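Chain residues, written in single-letter form:
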Amino acid sequence: MAHLLIVGWLMLRPRTVPWVPAANLQPLASIHAELARGGWAAVWHLGAPVLLLAPLGVLLPLVGGRLNVSPWGSMTRTVFAGVMFSLTIELLQTSVPGQVPDVDTVLLNALGVALAHLVVVPGARSRLRRRDERSRGATPRISRVNLAPQADVFSGGRTYF
């Protein structure tokens, strides 16, 4: 939550500038312009949007707390949520003085979310699954009759009489 508040403050605070460029609604236009500039300025202007929402690529899958999910499903849900959050910020920027919406920012934010998810989440889930399996151990058995304790077969712990 703190990360989202910081992102909101950074992206939605009014800026006092003597001029405001036009909104960029053409995909990849500002990315090409920044790459043409070259150097550290391009790295800064393209790297900042990539890193801005990248923590969401790790934090959103952790919110669910599920370990056994489809990697592609998790990636799709996470990137979609990141794109929706980025798009919401860009739409809110239209009403903030000095802030200019840019479609390339949405693309770079989505790239950051996807990269963070790919780099961190599969390995973290794998480690957590192994730790969970080790902590469970073998099912205890009653030694005299060699039976496992009866488990509730219905989901949610409900029993039906």
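In the block above lies the structure referred to throughout.
Before going further, it helps to spend a moment on the packing of helix α4 (residues 56–64) against helix α6 (residues 103–136). Taken N-terminus to C-terminus, the directions of α4 and α6 make an angle of 45°; their axes are 7 Å apart at the nearest point. With respect to α6, the element α4 is oriented oblique. In this structure, α4 contributes Leu 56, Gly 57, Val 58 and Pro 61 to the contact, and α6 contributes Val 113, Ala 116, His 117, Val 120, Val 121 and Arg 125. Counted by class, the contact of α4 with α6 contains seven nonpolar, two polar and one charged residues.

The next subject is the side chain of Gln 99. As for its placement among the helices and strands, Gln 99 is situated in the loop between α5 (71–93) and α6. At 3.4 Å, the side chain of Gln 99 and the side chain of Gln 93 are in polar contact. Contacts of Gln 99, omitting those with residues within four sequence positions, involve Leu 10, Met 11, Arg 13, Arg 15 and Gln 93.

Our focus in this paragraph is helix α3 (residues 39–52). Under the 1.5 Å per step criterion, the end-to-end length of α3 is 20 Å for 14 residues, consistent within 8% with the ideal 20 Å. Within α3 the residues assigned to the buried category are Ala 42, Leu 46, Pro 49, Val 50 and Leu 52. As for α3, its buried residues are in contact with α1 (2–12), α2 (29–37) and α6.

This model, assessed by the stated rule, comprises one salt bridge. Across the pair Glu 34 and Arg 37 runs a salt bridge, and its minimum N-O distance is 3.5 Å. One end of the pair is Glu 34 and the other is Arg 37, both in helix α2 and three residues apart, which spans about a single turn. With relative accessibility at 14%, the residue Glu 34 sits in the buried group. Residue classification places Arg 37 among the exposed residues on the basis of a relative accessible area of 51%.

Our focus in this paragraph is a positive patch on the surface. Side chains of Arg 127, Arg 130, Arg 131 and Arg 134 sit close together on the surface and give a patch of like positive charge. Inspection of the secondary structure puts Arg 130 in helix α6. Relative accessible area serves as the criterion here: at 44%, Arg 130 is assigned to the partly exposed category.

About the criteria used
- Residues numbered from 1 in each chain as written.
- Predicted model: local features only at pLDDT ≥ 70, side-chain atom pairs only at ≥ 80, totals over all residues.
- Heavy atoms only, no water.
- Axes fitted to C-alpha atoms, helices over the stretch in contact; angles between N-to-C directions.
- Helix = DSSP H or I, 4+ residues; strand = E, 2+ residues; numbered from the N terminus.
- Parallel < 35°, antiparallel > 145°, perpendicular 65-115°, else oblique.
- Contact = heavy atoms within 4.5 Å.
- Nonpolar A, V, L, I, M, F, W, Y, C, P; charged D, E, K, R; others polar.
- Polar contact = N/O pair within 3.5 Å; in protein donor to acceptor, adjacent residues only side chain to side chain.
- Expected span 1.5 Å × (residues − 1).
- Buried < 20%, exposed > 50% of the residue type's maximum accessible area, 1.4 Å probe, protein only.
- Salt bridge = Lys/Arg side-chain N within 4 Å of Asp/Glu carboxyl O.
- Patch = residues over 30% accessible without salt bridge, like charges linked within 9 Å, V, L, I, M, F, W, Y side chains within 5 Å.
- Areas by Shrake-Rupley, 256 points an atom, 1.4 Å probe, with all protein chains shown as cover.
- Lys, Arg positive; Asp, Glu negative; His and termini not counted.
- Charge placed at Lys NZ, Arg CZ, Asp CG, Glu CD.

Distances and angles like these do not, on their own, reveal function.
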